[in-house]
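Commentary on secondary and tertiary structure
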Amino acid sequence: MNTLTLIRHAKSSWSDASLDDFERPLNKRGERDLPAMARRVRDFYVERGLAPDQLLTSAAVRALTTAEALAATMKLDREQLVVIPELYAASSQALLALLQQQSDHWQHLMLVGHNPGLESLGYTLTHERLPKFPTAAVLHIRLGISRWRELAEACGSVELFDYPKLHH
């Protein structure tokens, strides 16, 4: 069975008003939360032998920074980190379509992206309403499918939902 992990980028900075949204870096809280979040993700997956086959990320600075920290912490190979520019500002429908096109060679995909698309996709796939989907949140979904093209509404169940403030 396939598994999908949706990860929202760590907290980003609004301090430089001249920066385009795409270019916004992580803020201090994002930089602080990210290493611990990456370690928790690694520990959850390594303990279960669930390392991702591919880590797909938006090209926006805050998402790429998050994805690179995850990849380094999980010791993924460089080619496992795949930057997909279309993930930036993608709707849940666009995310679903993109995932349906992935190779069946991959059983576990991680996707680092943005709200509201991620939260909406999580709900579409599981029909489990989460109270919120904050920055640096990790949603691990067990899917009742073995081929990505079968990805459809309510085909999955939430196996893990974690975010930094759960641990304060």
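I will try to describe carefully the structure that is included in this document. For clarity, every value in this text was computed on a predicted model and none was experimentally measured.

**A word on the pairing of strand β2 (residues 54–57)**
Side chains Gln54 and Leu56 of β2 all project onto a buried face; the interleaved residues Leu55 and Thr57 project onto the opposite face, where all are buried too. Pairing geometry for β2 and strand β4 (residues 108–113), over 4 bridges, is parallel. The partner of Gln54 across the bridge, within β4, is Leu109. Alignment of β2 against strand β3 (residues 81–83), held across 3 bridges, turns out to be parallel. Among the inter-strand pairings, Leu56 is bridged to a residue of β3, identified as Val82. Crossover handedness for the path β2 to helix α2 (residues 61–73) to β3: right-handed.

**Description of the pattern of salt bridges**
For the structure shown, the criterion picks out 10 salt bridges. One salt bridge in this structure joins Asp33 and Arg29, with 3.6 Å as the shortest N-O distance. Within this pair, Asp33 and its partner Arg29 are both found in helix α1 (residues 28–47), separated by 4 residues, close to a single helical turn. Each of Asp21, Arg24 and Arg62 takes part in a single network of salt bridges with overlapping partners.

**With respect to the packing of aromatic side chains**
Within this structure, the stated rule accounts for 4 aromatic pairs. Aromatic pair Phe22 and Tyr88: ring centres 5.0 Å apart, planes at 85°, arrangement edge-to-face. On the criterion of sequence distance, the pair formed by Phe22 in the loop between β1 (3–8) and α1 and Tyr88 in the loop between β3 and α3 (92–100) is long-range, its members being 66 residues apart. Assessed through its relative accessible area of 23%, Phe22 is described here as partly exposed. With a relative accessible area of 24%, Tyr88 lands in the partly exposed category. Considering the side-chain rings of Phe133 and Phe161, the 5.8 Å spacing of their centres and the 45° angle between planes classify their relative orientation as tilted.

**Considerations on α3**
Turning to α3, its buried residues are Ser92, Leu95, Leu96, Leu98 and Leu99. Each buried residue of α3 lies within a common arc of 165° when the element is viewed along its axis, so the set occupies one face. Each element contacted by the buried residues of α3 is listed here: β1, β2, β4 and α4 (117–126).

**Focus: the environment of Ser92**
Tracing the backbone through its elements, the reader meets Ser92 in helix α3. Sequence separation between Ser92 and Phe44 is 48 residues, and the spatial gap between their C-alpha atoms is 25 Å. Beyond its immediate sequence surroundings of up to four residues, Ser92 is in contact with Gly117, Ser120, Leu121 and Thr124.

**Quick notes on the packing of α1 against α2**
One can describe the packing of α1 onto α2 by two numbers: an axis separation of 9 Å at closest approach and a directional angle of 50°. As the angle between them shows, α1 and α2 are arranged oblique. The element α1 and its partner α2 pack so that their crossing is right-handed. Taking contact as the criterion, the partners of Leu34, Met37, Ala38, Arg39, Val41 and Arg42 in α1 are, on α2, Thr65, Thr66, Ala69, Leu70 and Thr73.

**Describing the sheet that holds β2**
Taken together, the 6 strands give an open sheet; going across it, the order is β3-β2-β4-β1-β5-β6, and neighbouring strands pair in mixed fashion. Looking at which strands have only one partner, the edges of the open sheet turn out to be β3 and β6 (156–162). Going across the sheet, the axis of each strand differs from the next one's by a mean of 20°, ignoring polarity. Pairing of β1 with strand β5 (residues 138–143), which is carried by 5 bridges, proceeds in the antiparallel orientation. From the neighbouring strand, Leu4 faces β5, where its bridge partner is Ile141. Each of β1, β2, β3 and β4 is contacted by α2, which is oriented at about 165° to β2, the strand it contacts most. Seen against the sheet, α4 touches β1, β4, β5 and β6 and runs at an angle of roughly 155° to β1.

What counts, and at which threshold
- Residues numbered from 1 in each chain as written.
- Predicted model: local features only at pLDDT ≥ 70, side-chain atom pairs only at ≥ 80, totals over all residues.
- Heavy atoms only, no water.
- Buried < 20%, exposed > 50% of the residue type's maximum accessible area, 1.4 Å probe, protein only.
- Helix = DSSP H or I, 4+ residues; strand = E, 2+ residues; numbered from the N terminus.
- Pairing = 2+ DSSP bridges.
- Right-handed = clockwise from strand over helix to strand, strands pointing away.
- Salt bridge = Lys/Arg side-chain N within 4 Å of Asp/Glu carboxyl O.
- Phe/Tyr/Trp six-rings, centres within 6.5 Å; stacked < 30°, edge-to-face > 60°.
- Arc of directions from axis to C-beta.
- Contact = heavy atoms within 4.5 Å.
- Axes fitted to C-alpha atoms, helices over the stretch in contact; angles between N-to-C directions.
- Parallel < 35°, antiparallel > 145°, perpendicular 65-115°, else oblique.
- Left-handed = near helix turned anticlockwise from the far one by under 90°.

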